[in-house]
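Single-letter residue listing:
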Amino acid sequence: MNIPESLIERISKNKVVVFVGAGLSIQAGLPSWNKIVEVILDGIGDREPKKDKFKNALADGILSPLEVLTKIERHKEYAIEYLDKEIRSYDSVKPTSIHKKIGMISTNIITTNYDCLLDENYPNFEKINYSNNYKISKLSEYQNYIFKIHGDIHEPDKCILFPSQYENLYSDKVSSSVFELKKIISEKSILFIGFSLSDPYINHVFEFISNVYNGFTPEHYIITTEHNGNWPNRLTPIQIPDHSFTETILQEIIEASNKTIKSKIESKINVESEDILGVSELLEYDLPPQNKYWAGRKKELENISSNNFKVIFITGIGGQGKSSLAAYYLKNCFDSETYELADWRDFKEETNRFQTKLISIIKRITNNRITSKQLDNVTNKELVDTFFNELGQKGIIFVFDNIDSYIDLEEFKPTGGLGYFFERALEIEHKSKFIFTCRPFIREASLNFYQLKLSGLNKDECHELFTSYKIPLKPVLLKELSDKTFELTKGHPLWLNLIAAQAFRGIESVNKFIQNIVERTNFDEDDFSSILSQKILDSVWNSLNEKQKTLLRGVAETVKPETISELKHILEPELNNNQFNKSFKVLMNLNLLELKSSSISEEQVELHPLVKEFILSKFPQKERAKYITLLVKHYDSFIYILKPKLSSGMSLSAFQNWTSKIELQINKGDFEPALVALEEVSKSILSAGFSEEYLRVSERLFNNLNWSKAIENEYAYFHNQFSTLTTTLTQFGRYDRCRSLLEKYSKFITGKGVHYLLYCSEKCYLLWYQGQFQDAIEIGEEGIFILKESGVADSYSLKHNLALAQRDSMQIDNLQKALSYFSRGEDLPVILEKINPELSGNFYGNIGKCLELLESKDEALKCYFYSISILFKEDNTNSKLNIGYASYWIFNLLKDNGQKLRALYYLKLSIQTWEKVSPPRAENMKQEWKRLKFDNESKKEINKLPEWKIENFCKDDVQKSLKKM
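Residues numbered from 1 in each chain as written. Predicted model: local features only at pLDDT ≥ 70, side-chain atom pairs only at ≥ 80, totals over all residues. Heavy atoms only, no water.

(A) Structural context of the side chain of E852. With respect to the element layout, E852 can be found in helix 40 (residues 841-853). At 2.6 Å, the side chain of E852 forms a polar contact with the side chain of Y864. Once you skip the residues sitting within four places of it in the chain, E852 turns out to touch K857, A860, Y864, W889 and L893. (Helix = DSSP H or I, 4+ residues; strand = E, 2+ residues; numbered from the N terminus. Polar contact = N/O pair within 3.5 Å; in protein donor to acceptor, adjacent residues only side chain to side chain. Contact = heavy atoms within 4.5 Å.)

(B) How the structure looks around the pattern of salt bridges. Per the stated rule, a full pass over the model turns up 42 salt bridges. Linking E300 and R297 is a salt bridge whose minimum nitrogen-to-oxygen distance equals 3.7 Å. Grouping residues by exposure puts E300 and R297 together as buried. For E574, the salt bridge goes to K626, with nearest N and O atoms at 3.5 Å. One end of the pair, E574, is in the loop between helix 25 (564-570) and helix 26 (577-589); the other, K626, is in helix 28 (residues 621-642), and 52 residues separate them in sequence. Each member of the salt-bridge network shares a partner with another, and the members are D119, K127, K148 and D152. (Salt bridge = Lys/Arg side-chain N within 4 Å of Asp/Glu carboxyl O. Buried < 20%, exposed > 50% of the residue type's maximum accessible area, 1.4 Å probe, protein only.)

(C) Up close: the pairing of strand 9 (residues 341-346). With five of its six residues buried, strand 9 lies for the most part within the structure. With six bridges joining them, strand 9 and strand 10 (residues 396-401) adopt parallel strand pairing. What sits directly across from R345, in strand 10, is F400. (Pairing = 2+ DSSP bridges.)

(D) Inspection of the state of the cysteines at higher detail. Here the structure, examined in full by the defined rule, presents zero disulfides. Of all cysteine sulfurs in the structure, the one in C116 sits closest to C159, which takes part in no disulfide; the separation is 9.3 Å. Here C850 stays free of any disulfide, with the sulfur of C863 as its closest cysteine sulfur at 9.7 Å. Residue C850 is classed as buried on the basis of its relative accessible area of 0%. (Disulfide = S-S within 2.5 Å.)

(E) Local environment of the sheet that holds strand 3 (residues 126-129). Within the open sheet, the seven strands sit side by side as 3-4-2-1-5-6-7. Their pairing is parallel. Where the open sheet ends on each side, the last strands, each with one partner, are strand 3 and strand 7 (235-239). Averaged over all adjacent pairs, the angle separating strand axes in this sheet is 20°, with direction ignored. Inspection of the sheet shows strand 2 (residues 108-111) paired to strand 4 (residues 145-148) by four bridges, in the parallel sense. Residue pairing for strand 4: I109 is matched across the bridge by I146. In this fold helix 7 (residues 97-105) packs onto strand 1 (16-20), strand 2 and strand 5 (189-193), with an angle of close to 160° to the strand it touches most, strand 1. (Axes fitted to C-alpha atoms, helices over the stretch in contact; angles between N-to-C directions.)

Structure follows, in structure tokens:
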């Protein structure tokens, strides 16, 4: 029987989900759909006068089981009762050998069956019913699961039986279950077993995905006896003579996939093996480059392998093989007795992503015990401290590749958050090794630090490299060629590899290629590398045909590595499958494409930075637009699926469909749609805790677009996103950057209209946040004067920000003004009488602070408890910020009342909350914690408690306090 090679490949990379239909249950001895409906009809016979007519129509094939069920839905309650009795009467039936083989193909199983044959066979798998929204939301976190999309017979009232129930389940707006099913079908290959695809509702979802992706989903497969099926797009039938061959074909699939996996491990095709990078269902790390050919660097590898150094820097000009050396070390020199695993992170993006990468590493080394949300907006310093605390004495090799953008080019040392990380890696006692690669030479001298500055290969190593290519030349000619190439390139590895690849075209071609470079090159020692780079790449480029150039130009525009299948889809309008495959093969042979691979991921493709820079510089923006548009369209297809579920609960990889799209639009100069996309995702990505990712793309957008044109042409959301950006910068403690943007904004807006009010509001907020209350009041009052004169709406929280400054100025007149604003005209006795859960926590908190400053402390404490009880139930960035305020204010009043132990819990809550959303505030609170004169043992014990225990104590205390009020 013909098993598609693509299926075996997908299984070997854990990219297959098995979809089990009713056929397998029937083969085990359970009743068919016709039989179940007959039993239901017999059971409701006394209530349904057309019972016999329906049975006859069912037997004759005039009505399908679903059509009969539609006609008897009014008897739903009794029908479910008889369904339960019928299915449960087969409880003694055992799983078949086919059931046992399914888990050998994939540990991710979906089934429409109500029975528990799969559950019984795989008791350690997570069983997920479509109705359990909590488990469904965590579906991607489970390594082994059985996803019962139509229900479980142990909960018969929740079994999907009638067509109206199907319609409700598959409603795009209602069902989390179907949303997850759509994601699975769009990300993984499905192997359908025991399924004819006659179920119209499953078919509906499958076709929906296919249409959304314009036919681009992973290839799916079905084991079937049907030879003339009208299969949906991207569904490949694996035909068998009859159902008795199901087990045989499964065994063949298992044997073939096991053979492939074993072959991959033995040949070490993948750069990282399971012993090194570790395998997880989700690819939570970046991939190292493959090293197709290798020579030399023996001394360098010995030095990296030494355990005398905690931190190693590999430096040198572009193309000297810094990343390749680190990758080769991991693959071939990894000491499994000393180190548990390795973790590779690539930092070659145009702007900094240190925080995002480090959060991902922390999640990985803690097995997701610490989540992104818990690290929301934490300072880089605190994040680094958390990392080393969690790392402890684990032995892990970390590679931070391409960190050029984090190097101070005056001091020649790592700067910012990565600079602190570098210092701690040198100072702290640990058993791990940190390898960094960058172009600049680092000025550092310490016992735990070692630096390798790579230069070119020597003449013998060059010959060794050329020999490894197995070029069909006589040894004498090969030696002449390698020596000539060495003299030309000075042993530069990238150029050596590019020229060696040309040699496969024949000795005459490669000599002509070299001569062409020599004739066009005025060798200048000071700028040798850049001159040679341009000339060699020019020559390589001119040797390519148009299809090969098209593929290179498409890859050059990508903002992150893409898989081969994704690139095929993206470039399909320009290259058909055959053209893509031929071009890809040539470009790989010419060493122009870099592959990254993992045992759990399809190979990813990118360009060497020097090659990418060369291609992008050849074409003006308008000529690059076509390729960028194709990539944007690709990300739009994913966004279409994700948009209905856009929320703070999404993963970073899901959000990156938006941020990648925005980056591409910036590259293309499409700033208006970039602003629209940023507006769409900003609230959710900030609430999810990925503030740095938001700042990264929003700052890049505002750095690139023409502000004058944006304001004059009224770009949608320009002002909204400017407000969000400056607010986030303020809360992140990046005051100078925020101030600079505000001053620039003030110069571009004309007159003192509504946009000047935005400026006043954000400037007021910035000054208030820094404790400059009088300056904040001054700019705020100027804005309020204009606001009153104009009668326009306060769209940018100007009144609120002014009231904050007035409140904290602690002047009686200002306090009264603030209280009047925060109370919204309500009488204080009414506000204080009882909590109104429909009001915001912000409402009660601000009133409470005014009352405290006016010496009404009992009423203030009451408001704070009202406030924090509501804030605990909210889920957004502002609510977290305000929990920090409310808990700190409660701490102060409890401390003053002599309840110091109880107060400490609230101070700790304010610290751990502000660490995530307001690092400057958190730092101030930590200093207060240190200054607090109290029982040190109690402080130590509370400091040791995990965050959830602190939060639970405060939540319980709040409820007890509210009951006493």
